[in-house]
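Geometric and topological summary
Below are the chains, spelled out letter by letter.
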Amino acid sequence: MLKIDTVTVIGATGTMGANVAGIFASFGNARVYCIGRDLEKVKKTLPRTVRSVRADSIAKNLVAADFSSLEECVADSDLVFESLAEDIDIKTETAKRVGGALRTGAVSCTGTSGLSITRLAECYPEGKRDRFFGVHMFNPPYNLSLCELTPTAYSDRNVLSELREYLERTLLRTVVEVRDSPAFLGNRIGFQFINEALQYAEKYRDNGGIDYIDAILGPFTGRAMAPLETSDFVGLDVHKAIVDNVYKNTDDFSRETFVFPEFARRLVNEKKLGRKTGGGLYQLVRYDNGLKRKTVLDINTGMYRDVIPYVFPFAEKMKKYIAEGDYSMAFERLVNNRSQEAEIALYFLLKYIVYSLYAAGEVGYSTESADDVMATGFNWCPPLAMARALSTVSDIGSLVHERLPEVCEAVDVDSLLLKIKPSRYDYRLYFKSGN
Amino acid sequence: MSKVYILGGAQTDFVRNWRKEGKGMVALLKEAVADGLENAGLSYDDVRDLNRDNRVSCYVGNFIAEMYTEQGHLGAFLTEVDPAFYGVPSARYEAACASGSVALDAAQTKIRVGDYDVAIVIGWELMKTVDSKTGGDFLGRAAFYEKEGKGIDLPFPKLFGKLADETIKKYGVDEKRYMDALAAISAINYSNAKRNPMAQTRKWFMSFEQANMRGTETNPLVGGRLAVSDCSQVTDGAAVVVLASEAFVRERGLKCRPVIKGYGHRVAPMRFDKKIYENASSEYILPWTRQTVLDAYKRSGLSVGDIDVFETHDCFTSSEYAAISAFGLTEPGREYEAVEEGLIAFDGKRPINPSGGLIGCGHPVGASGVRMFLDLYKQVTGTAGGYQVHGAHNGMMLNIGGSATTNYVFVVGEE
């Protein structure tokens, strides 16, 4: 296994960089150079890194540094992790600097969530490209263990397997090897779902739009947080960057579901990005007396209004059954209720299974990889477990043919469904009652 | 007298917060019982068939659902889990954190005397229904509440902090050496939990150094010299095991089922200060705990050298420390040797808590005794997966209630 005693994290004041530094310093017990543009800001970020893994004992492992000592830190490191903004120019420039200083035998990684790993590898001198990889973690990494590992054509397979072992055994990551493909696997599957939900919010704007769709695809459908609330949490700018990247650089049967809706584009232009800017799809209004009111964008008017407490009979039944542990009765309601809302919910869950199977083949190396990314990167009921859950009440193949006729025309669904295997995840954990 | 066989069982994933999932005890019990029966090779139809001839009974271990979930009459509550339990004799057993063991004891006794052929034992507790301060106050009822619990913030950490003080005092052990040993016990339990896919802390970070940084923001003191890293967890969960008679095992043609080889059950003075007053005449800090272990060795005809794996009640690191000599792994007062020399580590000669224990795996109080028993079953049948102790033939567990007041020991092994 790799011996990693010293690590450099470049971009350690960013959310991801600060948290990743915590992972290396704690589980890895490595000395970590935390590099940012402003040394004072780096120093102020270190306590956040310590808190991110709830361990004062790692403080002594963290060393604040700025870009002026980048070469020095890199030359002293066994592993370098770049976690800068998702800007190809910034990343290529930094990769060149790292490549020049990286010592023989050291490993270099980028935490990019979507840029080409191959293109970044090519910024390194020829003799060092073989030790460069994409290592994409999810935020916050202390809670979400997913780590998408991407080698390139230049990669040394032995180093890759050693790095994989280090990430798995020492850093306790759930490592999924993925191809150098836009957005990799987790975000490809997750944002297919989320973006189509956003498109549906626009399509059903007269029914309520955003909160209407979230009420249909809430925690009772196998996730901790409804999809559009997730987008608001992640940030619409990040959401847009992911789907634009996939739309531009891939061409699959579901490509049109990656088109970012116009109303959301306007929000991004107005810097209404979500929770981090105080409002986006949703807006939390705080009053002086401490009371809070959750409002949502009305797509028709462009104004924020109170969230509507929708009551859909199928959803109420499902929540009641889930609360008592009667899962198959909940799924029976989902499948046999023919209201518009139940049909939308089932459409999304079936499409999720099919698209995951497709993407796993396209971007991953095994069907199980789709399960790992969705369970440990999104905390959603993973697709194979979802298939198992629905199969307790109905045949998945027949359901898909009945409910997804357009998808069945566009792609060989039957071959995809043949790839379904038992999941190593327990679907019961993911289906929640309540809102 | 029949031998008592173990058919199997299951535990829920101790990571789960059932309140956050919007689920209560009905869902918890439905899942745990279904998984436990399946693992034991039984169906609800089997339960119905056995019950027709009055051959099956149920034993529910739970400490204090009246407070956490406002529900009593927990034996009868199984009828809400499945109609197969209509008519099945069932009752709830309580002995604070040893509730699971007292349920197991009732079950094994009924099998041994031949009243029933199958006994389903279910231990459970839902603790995340309230905040930690309120929960800590509920748990104070495992001590003499009026004198030791009422109005005191987190009474149990304080009682086991006193156990730490008394241990140092009784044996004159070097304070740093003792606290280092406690930190190592914490680190071992957290580290073991990483191999257990059902452990609550399997993704958490802990190290010897962090465990030893007591009094910091991330490891605040909670009971005298004990810090958060010295404590077991607040956990939601259930564990189920199924016991059976010789007749049933023969009838089903079951092979290689492990048996209960022995047990011990002793009750020490309720109040902690009386325990300490009484132990002056003993070499042991917890003499009744030691006696419980001796009883179990005697009943099983085994000695400490025959036990390949231990599961103990590390509600606090100071209680696991005391258990080391109680098991007979060291002389009393020299427990630190077993820690320092790696004897109790996962790859040591006498591993304690390969599951992660109450600190690493979690501590849903009414479930813990059953969970330990289930883990011994897994170890001696070679089905513990990533946390399997190589060559485990016999295992011993110690489950305590209150401040080591109710003491229970079981020995499980190959027939």
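Definitions and limits used
- Residues numbered from 1 in each chain as written.
- Chains lettered and ligands numbered in written order.
- Predicted model: local features only at pLDDT ≥ 70, side-chain atom pairs only at ≥ 80, totals over all residues.
- Heavy atoms only, no water.
- Helix = DSSP H or I, 4+ residues; strand = E, 2+ residues; numbered from the N terminus.
- Rg over C-alpha atoms; globule rule 2.2 N^0.38 Å.
- Buried < 20%, exposed > 50% of the residue type's maximum accessible area, 1.4 Å probe, protein only.
- Contact = heavy atoms within 4.5 Å.
- Areas by Shrake-Rupley, 256 points an atom, 1.4 Å probe, with all protein chains shown as cover.
- Lys, Arg positive; Asp, Glu negative; His and termini not counted.
- Charge placed at Lys NZ, Arg CZ, Asp CG, Glu CD.
- Salt bridge = Lys/Arg side-chain N within 4 Å of Asp/Glu carboxyl O.
- Axes fitted to C-alpha atoms, helices over the stretch in contact; angles between N-to-C directions.
- Parallel < 35°, antiparallel > 145°, perpendicular 65-115°, else oblique.
- Left-handed = near helix turned anticlockwise from the far one by under 90°.
- Nonpolar A, V, L, I, M, F, W, Y, C, P; charged D, E, K, R; others polar.
- Pairing = 2+ DSSP bridges.
- Disulfide = S-S within 2.5 Å.

This part covers the overall build of chain A. If you tally the helices and strands in chain A, you get 19 helices and 11 strands. What you see for chain A is a C-alpha radius of gyration of 22 Å, in line with the 22 Å of a compact globule of 435 residues. Overall, the C-alpha framework of chain A stretches about 65 × 55 × 40 Å when taken along its three principal axes. Within chain A, the fraction of its 435 residues that count as buried is 61%. Partitioning the intrachain contacts of chain A with sequence separation of at least 6 by distance along the chain shows that 73% fall at a separation of at least 24. Carbon and sulfur atoms make up 48% of the accessible area of chain A, which amounts to about 17200 Å² in all. Within chain A, one finds 54 positive and 58 negative side-chain charges whose respective centroids are separated by 4 Å.

Residue and element names in this part refer to chain A. Tallied over the entire structure, the rule returns 57 salt bridges over all chains. Glutamate 71 is the salt-bridge partner of arginine 97, the closest N and O atoms lying 3.0 Å from each other. Of this pair, arginine 97 sits in helix α4 (residues 88-101) while glutamate 71 is found in helix α3 (residues 70-75), placing the two residues 26 residues apart along the sequence. By relative accessible area, which is 26% here, arginine 97 ends up partly exposed. A residue is classified by how much of its surface remains accessible, and glutamate 71, at 32% relative accessible area, is partly exposed. For the salt bridge of glutamate 332 with arginine 333, the shortest nitrogen-to-oxygen distance reads 3.3 Å.

Right, let's talk about the packing of helix α1 (residues 15-26) of chain A against helix α2 (residues 39-52) of chain A for a bit. Packed helices, taken two at a time, are described by their axes: the angle between them and the distance between them. Residue and element names in this part refer to chain A. Their axes nearest at 8 Å, the elements α1 and α2 cross at an angle of 55°. Accordingly, the angle class assigned to the pair α1 and α2 is oblique. Crossing of α1 against α2: the hand is right-handed. Listed contacts from α2 to Thr15, Ala18, Asn19, Ala21 and Gly22 of α1 are Thr45, Arg48, Thr49 and Ser52. Tallied by class, the residues present in the contact of α1 with α2 amount to two nonpolar, six polar and one charged.

We now examine the side chain of serine 231 of chain A. Examined against the element boundaries, serine 231 of chain A turns out to sit in helix α9 (residues 227-234). For serine 231 of chain A, the contacting residues outside a window of four places in its chain are Ile194, Leu236, His239 and Leu281 of chain A.

The subject of this paragraph is the sheet that holds strand β4 (residues 79-82) of chain A. All names here are of chain A. The mixed open sheet is built from eight strands, whose spatial order is β3-β2-β1-β4-β5-β6-β7-β8. Every interior strand has two partners, whereas the edge strands, β3 (62-66) and β8 (174-177), have only one. Here the average twist between neighbouring strands, direction ignored, is 25°. Here strand β5 (residues 107-110) runs beside strand β6 (residues 132-137); their pairing, made up of three bridges, is parallel. Bridge assignment links serine 108 to a residue of β6, and that residue is phenylalanine 132. The strands touched by α2 are β2 (31-36) and β3; relative to β3, the strand with the most contacts, the crossing angle is about 155°. On the sheet, helix α6 (residues 157-170) packs against β4, β5, β6, β7 (146-150) and β8 and is oriented at approximately 155° with respect to β8.

Attention now moves to the state of the cysteines. All names here are of chain A. In total, this model carries zero disulfides over all chains according to the counting rule given. With no disulfide of its own, cysteine 147 has cysteine 109 as its nearest cysteine by sulfur position, at a separation of 8.4 Å. Of the residues examined, cysteine 147 reaches a relative accessible area of 0% and is grouped as buried.

Okay, the environment of glycine 237 of chain B next. Residues and elements named next belong to chain B. Relative to the assigned elements, glycine 237 resides in strand β7 (residues 237-245). Sequence separation of glycine 237 and valine 81 is 156 residues, and the distance between their C-alpha atoms is 16 Å. Each residue touching glycine 237, except ones within four places of it in the same chain, is listed here: Thr12, Phe14, Leu28, Gly123, Trp124, Glu125, Pro364 and Ala367.

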